[in-house]
Amino acid sequence: MPAGGILYPHSPEFDRFLQAFVGEDRKGNAVTVLSALARLELEPWEEAAALAALEEEAADSRLEMLLSQFRDVPELKQDYRSVARELTRLLPKRRKLFKADSGGVENRPENFPGLIWAVLTIFLLIVQLILAGTPGTGQ
């Protein structure tokens, strides 16, 4: 069985946003936010993360600008502002992505235990070097 993340390497936190319907293109195909961003030659997950990191109004403005450049969905031209506002509401809340305001255990890096062991190992090596360099009673 493959490890999680190999077949789908992206975090699911942006799925609701990226899979949201934008409209139909000229050929009648359903266009999602993911396909719209990809057609604009943007990396959808990076753009979603950047939008989620912005304040609500800034995210609205950024997505409005992107959708205004998107010409594949004809009916989007008429109402891209309200579509952008609706879509940005599907982004994960900023506090979910960045827990800097909580100040708790959530802020520590995922490899925190490894960091502790690395610092402890370096400290013990320094102590060993200091003790090995001093003359002992047997010399």
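Please refer to the structure higher up on the page.
Since the structure is predicted, the reported quantities are computational estimates derived from the model, not experimental observations.

*Asks:* Please explain helix H3 (residues 44–53) as it appears in this structure.
*Replies:* Counting along an α-helix, one turn takes 3.6 residues, and residues three or four places apart therefore face a common direction. For H3, the set of buried residues is Pro44, Trp45, Glu47, Ala48, Leu51 and Ala52. On an axial view of H3, the arc spanned by its buried residues comes to 160°, and they lie on one face. Residue glutamate 43 occupies the N-cap position of H3, its side-chain oxygen lying 2.9 Å from the main-chain nitrogen of tryptophan 45.

*Asks:* Looking at this structure, how should I read unusual backbone geometry?
*Replies:* With a phi angle near 65°, glutamate 41 is a residue other than glycine that sits in the positive phi range. Take glutamate 41: it is sitting in the loop between helix H2 (33–39) and H3. Its relative accessible area of 74% is what places glutamate 41 among the exposed residues.

*Asks:* Explanation requested: a nonpolar patch on the surface in the structure shown.
*Replies:* On the surface, Trp117, Leu120, Phe123, Leu124, Val127 and Leu131 cluster together to form a nonpolar patch covering roughly 630 Å² of accessible area. On the secondary structure map, phenylalanine 123 appears in helix H7 (residues 112–133).

*Asks:* So what exactly am I meant to see when it comes to the nonpolar core here?
*Replies:* Here is a general trend for soluble globular proteins: nonpolar side chains tend to be buried in one another's company. One finds Phe17, Leu18, Val33, Leu63 and Leu87 to be the most contacted residues of the largest nonpolar core, which totals 24 residues. Counting residues per element, the ones that place at least two in this core are helix H1 (15–18), H2, H3, helix H4 (56–69) and helix H5 (76–88). Leaving out residues up to four positions away in the same chain, valine 33 has contacts with Phe17, Leu18, Ala20, Val22 and Leu87.

*Asks:* Honestly, the pairing of strand S1 (residues 21–24) in this entry has me stumped. Any pointers?
*Replies:* For a regular strand, side-chain orientation follows a simple rule: the groups alternate between the two sheet faces. Here S1 pairs with strand S2 (residues 30–32) via 3 bridges, running antiparallel. Paired with glycine 23 across the two strands is valine 31, which belongs to S2.

Calculation notes
- Residues numbered from 1 in each chain as written.
- Predicted model: local features only at pLDDT ≥ 70, side-chain atom pairs only at ≥ 80, totals over all residues.
- Heavy atoms only, no water.
- Buried < 20%, exposed > 50% of the residue type's maximum accessible area, 1.4 Å probe, protein only.
- Helix = DSSP H or I, 4+ residues; strand = E, 2+ residues; numbered from the N terminus.
- Arc of directions from axis to C-beta.
- Polar contact = N/O pair within 3.5 Å; in protein donor to acceptor, adjacent residues only side chain to side chain.
- Patch = residues over 30% accessible without salt bridge, like charges linked within 9 Å, V, L, I, M, F, W, Y side chains within 5 Å.
- Areas by Shrake-Rupley, 256 points an atom, 1.4 Å probe, with all protein chains shown as cover.
- Salt bridge = Lys/Arg side-chain N within 4 Å of Asp/Glu carboxyl O.
- Core = buried A, V, L, I, M, F, W, Y, C linked by side-chain atoms within 4.5 Å.
- Contact = heavy atoms within 4.5 Å.
- Pairing = 2+ DSSP bridges.

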